Amino acid sequence: MTAPSLQELQQRAKNIRRSIITSTTEAGSGHPTSSLSGVEIAVALYFGGFLRHDAKNPHWPQRDRFILSKGHAAPLLYAVLAEAGYFPKEELNTLRKLDSPLEGHPNMRRLPGVEASTGSLGQGLSLGIGHALAARLDNYPSRVYVLMGDGEIEEGQVWEAAMAAHKYKLDNLVGVVDQNNYQQTGPTSEVMDMKPLVPRWQSFGWFAQEINGHDLNEVLAALKKAQETKGRPSAIVARTIKGYPIQGLLPDPDYHGKALPKDLAQKALAAIG
C-alpha cells in the first residue's frame, strides 16, 4: 500500500474539519473546538499508515484500537470514521438527533468503529490498558492509541493507569495528550496546572515526547518513534490550539461545548478552504 503524501493528509484534515463544523452547527450543539484541536493526531493515525483497521470488517480481532478518552470530541471521531468509509458522510448531519447512532458521546454498542463508550473523563487510558493486555494474551500484534485531553489528565485514575501500564511494560500502548490549554471551566493553567507534562510521564516510566500537534510531519515522526519503543508505554504531548485553525474567529479562546451559529460557521468553512 502506497504511503499517502503530506498533501493528501492535509486534505483529509480539511475535510474532517469541515465535517466537524457542519455536523455540530446542524445539530445546534456539541463540542466543535475540542474536536478541531485533535484533527492532525487522528488523521496521522487513521490515514498515515499507523492504525491498522478495516472499515469493511470493523470487528477484525487483530485490528489496532483508537480510544477517544475525551469523549466530548465525538464529532472528531465521527468525521474521521465517515472519512474512512465506516458510514456515509451524509449521516454526519444526524449528529445528536433522536435515533441516530451518532450520540453526543461515543457509544460502541451503536456505531461500528467506536472502540469504547467514553465521555466520563479519565477512564480511557484504563480501557486502553485492558485492550493492550488482551492483545498480548491473544498474541496479536494490535496496538492501542488513547487520545486524552489536558483537562482530563487532572483525574487521578489517569495516573493509576500510567503506573499499571509501566508495570506491565505495555509497549503496544500509546497515550496522546491533546494539550490545547483549556477545559470546560477555564485555562488548564488556572484550574490545575499539570505542566511540564513530559517529565511527569517520564517519572511514571513512560517514553515521552512533546510535539506541535498541528504539524503533521511532527505527529507522524512521533508516532513512528512510539512504534519503535520497546519495553514501556509511550506518551505524546501534542501542543495544540483549541478551535484550530479558526481560533481567531471565535469570541472566546475557551469557546467550549457550543456549536458555531450558522453565520460564524460559514466564515469558519471559508477560512478552512
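Described below are features of the structure shown in this document. Because the structure is a prediction, the values reported are computed rather than measured.

## Brief notes about the overall build of the protein
From N to C terminus, the protein includes ten helices and seven strands. For 273 residues, the compact-globule estimate of 2.2 N^0.38 gives 19 Å, and the C-alpha radius of gyration of the protein, at 17 Å, lies within 12% of that figure. Summarising its shape, the C-alpha atoms of the protein cover approximately 50 × 45 × 35 Å along the three principal directions. The proportion of buried residues among the 273 residues of the protein is 52%. Here the analysis covers contacts within the protein between residues at least 6 apart in sequence; of these, 76% occur between residues at least 24 apart.

## As for the sheet that holds strand 3 (residues 173-179)
Taking strand neighbours across the sheet as the criterion, the five strands line up as 1-2-3-7-6 in an open arrangement whose pairing is parallel. Strand pairing shows two members of the sheet lacking a second neighbour, strand 1 (65-68) and strand 6 (207-212), which therefore form its edges. Averaged over all neighbouring strand pairs, the angle between strand axes comes to 20 degrees, with direction disregarded. Of the strands in this sheet, strand 2 (144-149), strand 3, strand 6 and strand 7 (234-239) are in contact with helix 9 (residues 216-228), which crosses strand 6 at around 170 degrees.

## Topic: the packing of aromatic side chains
On inspection of all chains with the given rule, the structure shows five aromatic pairs. For the pair Trp 159 and Phe 204, a centre-to-centre distance of 5.1 Å together with 40 degrees between the ring planes defines the contact as tilted. Remark: Phe 204 occurs in the loop between helix 8 (197-203) and strand 6 and Trp 159 occurs in helix 6 (residues 156-167); sequence separation between them is 45 residues. Look at Phe 204 and you get partly exposed, because its relative accessible area is 24%. Here the aromatic cluster, defined as three or more aromatic residues joined through ring pairs, consists of Trp 159, Trp 201, Phe 204 and Trp 206. Just above the ring of Tyr 168 sits the side chain of Lys 167; from NZ or CZ to the centre is 5.4 Å. Against the face of Tyr 255 rests Lys 258, its NZ or CZ located 4.5 Å from the ring centre.

## Overview of the packing of helix 1 (residues 6-27) against helix 9
Put simply, helix 1 and helix 9 touch, their axes get as near as 11 Å, and they point 105 degrees apart. Between helix 1 and helix 9, the crossing angle belongs to the class labelled roughly perpendicular. Residues Leu 6, Leu 9 and Gln 10 of helix 1 touch helix 9, and the partners they reach there are Leu 216, Asn 217 and Leu 220. Of the residues that constitute the contact of helix 1 with helix 9, the class distribution is four nonpolar, two polar and no charged.

## Observations regarding helix 1
For helix 1, built from 22 residues, the straight-helix expectation of 32 Å at 1.5 Å per residue is met to within 8% by its first-to-last C-alpha distance of 32 Å. Along helix 1, the residues classified as buried are Leu 9, Ala 13, Ile 16, Arg 17, Ser 19, Ile 20, Ile 21, Ser 23, Thr 24 and Thr 25. Within two residues after helix 1, Gly 28 carries a phi angle of roughly 80 degrees, on the positive side.

## With respect to unusual backbone geometry
For the bond running from Lys 195 to Pro 196, omega is 0 degrees, close enough to zero to count as cis. Note the cis peptide between Tyr 244 and Pro 245, where omega equals 5 degrees. When you line up the elements, Pro 245 lands in the loop between strand 7 and helix 10 (262-272). Even without glycine at this site, Asp 99 takes up a positive phi of about 75 degrees. By the element assignment, Asp 99 lies in the loop between helix 4 (74-83) and helix 5 (124-137). Positive phi, normally seen in glycine, also occurs at Asn 181, with a value near 70 degrees. Structurally, Asn 181 is set in the loop between strand 3 and strand 4 (182-183).

## With respect to the environment of Leu 45
By the secondary structure assignment, Leu 45 is in helix 3 (residues 39-47). C-alpha of Leu 45 to C-alpha of Ala 13: the two residues are 32 residues apart in sequence and 12 Å apart in space. In this structure, Leu 45 is in contact with Phe 50, Leu 51, Phe 66, Tyr 145 and Leu 223, ignoring residues within four places of it in sequence.

## Notes on the side chain of Thr 188
With respect to the helices, strands and loops of the structure, Thr 188 is situated in helix 7 (residues 188-191). You can call Thr 188 buried: its relative accessible area is 7%. Those residues within four positions of Thr 188 in sequence are excluded, and the remaining contacts are Asp 150, Gly 151, Glu 154, Asn 181, Tyr 182, Gln 183 and Asp 193.

## Brief notes about the environment of Gly 49
Note that Gly 49 resides in the loop between helix 3 and strand 1. Each C-alpha atom of the pair Gly 49 and Thr 229 lies 17 Å from the other, and the pair is 180 residues apart in sequence.

## Observations regarding the packing of helix 3 against helix 4
Relative orientation of the contacting elements helix 3 and helix 4 amounts to 30 degrees, with a least axis distance of 11 Å. Our classification of the angle between helix 3 and helix 4 gives roughly parallel. Crossing geometry of helix 3 relative to helix 4 is assigned as right-handed. Counting all contacts with helix 3, which are made through Val 39, Ala 42, Tyr 46 and Phe 47, the residues of helix 4 involved are Leu 76, Leu 77, Val 80, Leu 81 and Glu 83.

What counts, and at which threshold
Residues numbered from 1 in each chain as written. Predicted model: local features only at pLDDT ≥ 70, side-chain atom pairs only at ≥ 80, totals over all residues. Heavy atoms only, no water. Helix = DSSP H or I, 4+ residues; strand = E, 2+ residues; numbered from the N terminus. Rg over C-alpha atoms; globule rule 2.2 N^0.38 Å. Buried < 20%, exposed > 50% of the residue type's maximum accessible area, 1.4 Å probe, protein only. Contact = heavy atoms within 4.5 Å. Pairing = 2+ DSSP bridges. Axes fitted to C-alpha atoms, helices over the stretch in contact; angles between N-to-C directions. Phe/Tyr/Trp six-rings, centres within 6.5 Å; stacked < 30°, edge-to-face > 60°. Lys NZ or Arg CZ within 6 Å of the ring centre and 35° of its normal. Parallel < 35°, antiparallel > 145°, perpendicular 65-115°, else oblique. Nonpolar A, V, L, I, M, F, W, Y, C, P; charged D, E, K, R; others polar. Expected span 1.5 Å × (residues − 1). Left-handed = near helix turned anticlockwise from the far one by under 90°.

Take it as geometry only, folks, not as evidence of what the structure does.
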